[in-house]
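# Descriptive analysis of the structure
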Amino acid sequence: HRRSEIKKGNDMYGLDCYPEPVNVLSFNWPQADCYSMFTAFHHFTPQKAQQILAFAAQNRLPLFIAEFTERTWQNVLGSILAPLHVWRYWPLLPMVYGWDAMVSHLRSYRLGELRDMVHKSQVKDYVWEIKQIPHPNFSMNLTCVMGIPL
């Protein structure tokens, strides 16, 4: 089947986007100015995550990864307790949400693990930056990994 072209200015911010799902592990990414992955990186095994970072660096592709999940005891406990207030209305929903959130927090990469991955993916004229941005109102961080070709 024929792949879609990038749609120009397809959203309220005028950003271009690729309208179809992309299998990032196929390493046959559609042409784009920047690649982004939001709240999905923790779903990849360390080996697959390393391959994604290495592919971006070796092919000099700008990459931005953002995760709000974090492997801390506060987040794991919060994922169990937060959905309990809806228990009396939808008994299965808190269990499903709590399980998914807990597993996502537990699978999230710590800063040291991300630093090791980008160190192994270092190539000439490509810079990695890892940041944690604290949320102003909640006790959680947004972890960002940025790969930038020079």
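The structure presented is a predicted model; accordingly, all values stated were derived computationally and were not measured.

### Points about the overall build of the chain
In terms of helices and strands, the chain carries four helices and four strands. The secondary structure elements of the chain, listed N-terminal to C-terminal, are β-α-β-α-α-α-β-β. Looking at the chain residue by residue over its 150 residues, the buried ones come to 32%. Sequence separation of at least 24 residues holds for 58% of the intrachain contacts in the chain that already meet a minimum separation of 6. As presented, the chain carries roughly 10,100 Å² of accessible surface, and 60% of it is formed by carbon and sulfur atoms.

### Let's talk about the pairing of strand 4 (residues 141–149)
Side-chain positions along a regular strand alternate between the two faces of the sheet. The sheet contact formed by strand 2 (residues 63–67) and strand 4 spans five bridges and is antiparallel. The residue bridging Ile65 from the neighbouring strand is Val145, located in strand 4. Both strand 3 (residues 126–134) and strand 4 contribute to a ladder of nine bridges, which runs antiparallel. Residue pairing for strand 4: Glu129 is matched across the bridge by Met146. Between strand 3 and the antiparallel strand that follows it, strand 4, lie six residues.

### Comments concerning the confidence of the model for the chain
Residue-level pLDDT values for the chain average 80, and 74% of them are 70 or greater. Predicted confidence in the chain is weakest over helix 2 (residues 73–81), with a mean pLDDT of 68, and strongest over helix 1 (residues 46–58), with 95.

### What to know about the side chain of Ser121
Structurally, Ser121 can be placed in the loop between helix 4 (111–120) and strand 3. Its relative accessible area of 2% is what places Ser121 among the buried residues. Every residue in contact with Ser121, bar those within four places of it in the chain, is listed here: Gln50, Leu53, Ala54, Ala57 and Trp128.

### Describing the packing of helix 1 against helix 4
Between helix 1 and helix 4, the shortest axis-to-axis distance is 9 Å and the interhelical angle comes to 50 degrees. The angle between the axes of helix 1 and helix 4 places the two elements in the oblique class. Crossing handedness for the pair helix 1 and helix 4: right-handed. Along the contact surface, helix 1 presents Pro46, Ala49, Gln50 and Leu53, while helix 4 presents Asp116, Met117, Val118 and Lys120. Grouping the constituent residues of the contact of helix 1 with helix 4 by class yields five nonpolar, one polar and two charged.

### Things to note about helix 1
Given a rise of 1.5 Å per residue, 13 residues ought to cover 18 Å, and the 18 Å separating the end C-alpha atoms of helix 1 matches this to within 8%. Looking at helix 1, one finds that the buried residues are Ala49, Gln50, Ile52, Leu53, Ala54, Phe55, Ala56 and Ala57. Tucked inside the fold, the buried residues of helix 1 contact strand 1 (35–38), strand 2, helix 4, strand 3 and strand 4. Where helix 1 ends, the next residue or the one after it, Arg60, has phi of about 55 degrees, a positive value.

Conventions adopted
- Residues numbered from 1 in each chain as written.
- Predicted model: local features only at pLDDT ≥ 70, side-chain atom pairs only at ≥ 80, totals over all residues.
- Heavy atoms only, no water.
- Helix = DSSP H or I, 4+ residues; strand = E, 2+ residues; numbered from the N terminus.
- Buried < 20%, exposed > 50% of the residue type's maximum accessible area, 1.4 Å probe, protein only.
- Contact = heavy atoms within 4.5 Å.
- Areas by Shrake-Rupley, 256 points an atom, 1.4 Å probe, with all protein chains shown as cover.
- Pairing = 2+ DSSP bridges.
- pLDDT = per-residue confidence, 0-100.
- Axes fitted to C-alpha atoms, helices over the stretch in contact; angles between N-to-C directions.
- Parallel < 35°, antiparallel > 145°, perpendicular 65-115°, else oblique.
- Left-handed = near helix turned anticlockwise from the far one by under 90°.
- Nonpolar A, V, L, I, M, F, W, Y, C, P; charged D, E, K, R; others polar.
- Expected span 1.5 Å × (residues − 1).

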